[in-house]
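Listed below are the residues making up each chain.
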Amino acid sequence: NWTNATFAELSFCTRVDLVTDLDFGGLDGLTGPLADVLARSVGYVKVMYGLDIDMSTNFEVSIAAEETEALTDEQATTVTYDVIACQCTLDDKVCLTETPALSQN
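All residue numbers refer to position in the chain's written sequence, counted from 1. Where local features are concerned, this predicted model is filtered to residues with pLDDT of at least 70; where side-chain atom pairs are given and counted, the filter is 80 or more; whole-chain, interface and lining totals use all residues. Hydrogens and water molecules were not included; the side-chain quantities draw on all heavy atoms of the structure.

Notes on the packing of aromatic side chains
- Two rings from Phe, Tyr or Trp (for Trp, the six-membered ring) form a pair when their centres are within 6.5 Å of each other. A pair whose planes differ by under 30 degrees is stacked, one over 60 is edge-to-face, and the rest are tilted. Enumeration according to the criterion identifies 1 aromatic pair in this entry.
- Pairing Phe12 with Tyr49 gives two aromatic rings, centres 5.0 Å apart and planes at 20 degrees, and the pair type is stacked. Of this pair, Phe12 sits in strand β1 (residues 7-19) while Tyr49 is found in strand β2 (residues 41-54), placing the two residues 37 residues apart along the sequence.
- For Phe12, a relative accessible area of 36% corresponds to the partly exposed category.
- Classification of Tyr49 by relative accessible area gives partly exposed; the value is 36%.
- For a ring to carry a charge above it, either NZ of a lysine or CZ of an arginine must fall within 6 Å of the ring centroid while also lying within 35 degrees of the normal to the ring plane. Across from the ring centre of Tyr44, 3.8 Å away, lies the NZ or CZ of Arg15, which sits over that ring. The helix count covers DSSP runs of H or I at least four residues long, the strand count covers runs of E at least two residues long, and both are numbered beginning at the N terminus. Relative accessibility thresholds used throughout: buried, under 20% of the residue-type maximum; exposed, over 50%; partly exposed, between the two (1.4 Å probe, protein chains only).

What follows is the structure, encoded as structure tokens:
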């Protein structure tokens, strides 16, 4: 946004998601380019950037970053998935078809 011939303000937001291969489901109404990511998002962080650009004299690049306090957003959802357990080999994590008896101390 140019405020005059030599000064501009640039603002933008970034979002980084930690995603899983599993689709959590229950989010069928999501649309848009991030629908697939949002359905698999485990957690995310958003950062808002603001740059002031002064092109008057002696143009130089100066970047100042200010860390602000995080805002908290809580949402409840129900996620259902199956958990399967088995004894497996230590090297390749393959489930054993015949499980040996385990001794307890």
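The discussion continues.
What about the pattern of salt bridges?
- We define a salt bridge as a contact between a side-chain nitrogen of Lys or Arg and a carboxyl oxygen of Asp or Glu at a distance within 4 Å. Tallied over the full model, the rule gives 2 salt bridges.
- Among the salt bridges present, the one from Asp17 reaches Arg15, with a minimum N-O distance of 2.8 Å.
- Asp17 gets classed as partly exposed once you look at its relative accessible area, which sits at 23%.
- Classification of Arg15 by relative accessible area gives partly exposed; the value is 31%.
- When the shortest N-O distance is used, the salt bridge between Asp36 and Arg40 registers 3.2 Å. With Asp36 and Arg40 both in helix α1 (residues 35-40), this residue pair falls 4 residues apart, about one helical turn.
- Of the residues examined, Asp36 reaches a relative accessible area of 47% and is grouped as partly exposed.
- On the basis of relative accessibility, which here comes to 19%, the residue Arg40 falls in the buried class.

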